[in-house]
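Residues per chain are reported as follows:
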Amino acid sequence: MRKFNELSAGQHQKVAVARGIVEETPILILDEPTSNLDVRHQVFVIEMLRALAEADDKLIVMISHDLNLAAKYAHKVVLMSAPGVIRDVGAPKDVITEEAVREVYGVECEVVSHGGKPLVILGSALPE
């Protein structure tokens, strides 16, 4: 029972997501809806959005820099490189690859399959 300006950044984020949900639009576009949230609340928000999408046949478009959250919960991933160039579109297992992470983010990694979904294990940053 606090005023909005007395809430934490994570609580602001939850309010913003809730405001989008109550609009009851057929499409919900979210920019980093899990930023400022701890891991538990990140998973809660994404699982809630996925359930909402499936139950209400709602299209949810979410921008995220968290490759593992995107890989686990998205039906389709659009991988973009700077400046806004679409590198690839498709199922997470087809788009989130070691080569793609190296090329787009300049980071060495290992991508392993976990439950049929890619899991990115980050390595070191590549020299620029």
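Details of the structure are given in the entry above.
Report follows, based on the coordinates.

Analysis parameters
- Residues numbered from 1 in each chain as written.
- Predicted model: local features only at pLDDT ≥ 70, side-chain atom pairs only at ≥ 80, totals over all residues.
- Heavy atoms only, no water.
- Helix = DSSP H or I, 4+ residues; strand = E, 2+ residues; numbered from the N terminus.
- Buried < 20%, exposed > 50% of the residue type's maximum accessible area, 1.4 Å probe, protein only.
- Salt bridge = Lys/Arg side-chain N within 4 Å of Asp/Glu carboxyl O.

### Observations regarding unusual backbone geometry
Glycine aside, a negative phi is what most residues show, and trans is what most peptide bonds show.
Piece 1. With omega at -5 degrees, the peptide bond leading from Ala-82 into Pro-83 counts as cis.
Piece 2. Within the fold, Pro-83 resides in the loop between strand E3 (77-81) and strand E4 (85-90).
Piece 3. The phi dihedral of Asn-36 is positive, around 70 degrees, even though this residue is not glycine.
Piece 4. Relative to the helices and strands, Asn-36 is located in the loop between strand E1 (27-31) and helix H2 (39-56).
Piece 5. By relative accessible area, which is 55% here, Asn-36 ends up exposed.
Piece 6. Despite not being glycine, Asp-57 has its phi angle at roughly 50 degrees, a positive value.
Piece 7. Assignment of secondary structure puts Asp-57 in the loop between H2 and strand E2 (59-63).

### A word on the pattern of salt bridges
Piece 1. Applying the stated criterion across every chain yields a total of five salt bridges.
Piece 2. Its salt-bridge partner being Lys-93, residue Asp-94 comes within 3.2 Å of it at the nearest N-O pair.
Piece 3. A residue is classified by how much of its surface remains accessible, and Asp-94, at 46% relative accessible area, is partly exposed.
Piece 4. Here the salt bridges do not stand alone but share partners, grouping Arg-87, Glu-99 and Glu-103 into one network.

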